[in-house]
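Observations on chain architecture
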Amino acid sequence: ARVLPKEIQEVITELAGKTSPMSTLRTVVSALGHYEKNVPLNGLPPKALRLVGQIATAVAMIHRLREGLPVIEADPKRGHAEDFIRMLLDKEPSQTEIQALDLYLILLADHGFNASTFSARVTAGTLANLHSAITSAVGTLSGPLHGGANEKAMDMIIEVGKKKKASAYIQNAFDSKQKIMGFGHRVYKVDDARKPHLKKMAKQLWEEKGNMELFEVAEEIEKQVKDRKQIITNVDFYSAPLLYGLDIPKDLFTPLFAMSRIAGWTAHVLEQYRN
């Protein structure tokens, strides 16, 4: 399912470096719908499964083509997380790296009626086709109030840089009423249930890398925020150092979110069609 039609590689090549990875991904999802008629298994569940695989390959391809690097073809014998890291970075990932990405993909696969899932279901509710519904979802996720928060959280962690600088940075953020990315949620009144799993896995990843500095900065930021105000840590905060620890560029964080959430989006769309 991870194999992309050759025409899609041409689309990505044309757009590479001219627009953001999320804009390219939105165009790719829309274009993929045109090639479904040539596929033997053409029911809705097989289409959904192909999209789960194809989005992963597309994200890796978008990055490599914009960097002028050769495309790494999908390997059907490999697991999804393992193959993505190999296609993106052209390396054999460690077991810790595979487990870290797999955990991320599982934990973010679905989250109820978030904005992008809702827009997918609205589109499907008109009986528009699956690819139209998922294109709506990707477009919705591209907005900074939905996807993108973990990229901003990682910018903050890098900006703080040193554990000893966290206190002054957070105090200044509170004094100037600046939004602290990775904290707060419209629904949760306690820490996001996904957070401790992401934190533990991110720690293992940075331990394996042999450089704990940025992870320790993240921990200290969390401590400094909570010492001042009982504000919850959301899923974005520790997903940021986890993805960054996998050597994934920050502007691919939201495409990675789409690569995970495609499983939830397609499940919701199939449910919408049934009812």
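Up top you'll find the structure we're talking about.
Below: a short report on this structure.

The helix and strand inventory of the protein chain stands at 13 helices and zero strands. For the protein chain, the succession of helices and strands along the chain, N to C, is α-α-α-α-α-α-α-α-α-α-α-α-α. Along the first, second and third principal axes, the C-alpha set of the protein chain runs to 60 × 40 × 30 Å. Per-residue burial over the protein chain gives 51% buried out of 275 residues.

The next subject is the side chain of Thr-117. Note on placement: Thr-117 falls in helix α6 (residues 115-125). Not counting the four nearest positions on each side in its chain, Thr-117 is found in contact with Gly-112, Arg-261, Trp-265 and His-268.

What follows deals with the nonpolar core. Among the nonpolar cores identified, the biggest contains 83 residues, and Phe-84, Tyr-104, Ile-221, Leu-242 and Leu-256 are the most heavily contacted of them. When neighbours within four sequence positions are excluded, Phe-84 is seen to be in contact with Ala-56, Val-59, Ala-60, Leu-101, Ile-248, Leu-256 and Met-259.

Over its 23 residues, helix α3 (residues 44-66) runs 32 Å from end to end, which matches the ideal 33 Å to within 8%, given 1.5 Å per residue. Gly-68 sits one or two residues past α3 and shows a positive phi near 70°.

What follows is about the layout of surface pockets. There is about 830 Å³ of room inside the largest pocket. If you go around the largest pocket, you meet 27 residues; those closest to its centre are Leu-145, His-146, His-185, Arg-186 and Asp-236. Listing elements by their share of the lining of the largest pocket, those giving two or more residues are α8 (149-160), α12 (235-245) and α13 (253-274). Grouping the amino acids of the lining of the largest pocket by side-chain chemistry returns 12 nonpolar, nine polar and six charged. A volume near 170 Å³ is recorded for the second largest pocket. Every residue along the wall of the second largest pocket is listed here: Ser-20, Pro-21, Met-22, Ser-142, Pro-144, Gly-147, Gly-148, Glu-151, Lys-152, Asp-251, Thr-254 and Pro-255. Among the elements of the structure, α2 (21-32), α8 and α13 are those that each provide at least two residues to the lining of the second largest pocket.

This brings us to the packing of α2 against α13. Where α2 contacts α13, the two axes come as close as 8 Å, and the packing angle between them is 30°. The handedness of the crossing between α2 and α13 comes out as right-handed. Residues Pro-21, Met-22 and Leu-25 of α2 pack against Thr-254, Pro-255 and Ala-258 of α13. Residue classes in the contact of α2 with α13 are distributed as five nonpolar, one polar and no charged.

The rules behind these values
Residues numbered from 1 in each chain as written. Predicted model: local features only at pLDDT ≥ 70, side-chain atom pairs only at ≥ 80, totals over all residues. Heavy atoms only, no water. Helix = DSSP H or I, 4+ residues; strand = E, 2+ residues; numbered from the N terminus. Buried < 20%, exposed > 50% of the residue type's maximum accessible area, 1.4 Å probe, protein only. Contact = heavy atoms within 4.5 Å. Core = buried A, V, L, I, M, F, W, Y, C linked by side-chain atoms within 4.5 Å. Expected span 1.5 Å × (residues − 1). 1 Å grid on protein atoms, 1.4 Å probe; cavity = no way out; pocket = protein on both sides within 12 Å on 5 of 7 lines; lining within 4 Å. Points joined across faces, edges and corners; volume = space filled by probe spheres on them. Nonpolar A, V, L, I, M, F, W, Y, C, P; charged D, E, K, R; others polar. Axes fitted to C-alpha atoms, helices over the stretch in contact; angles between N-to-C directions. Left-handed = near helix turned anticlockwise from the far one by under 90°.

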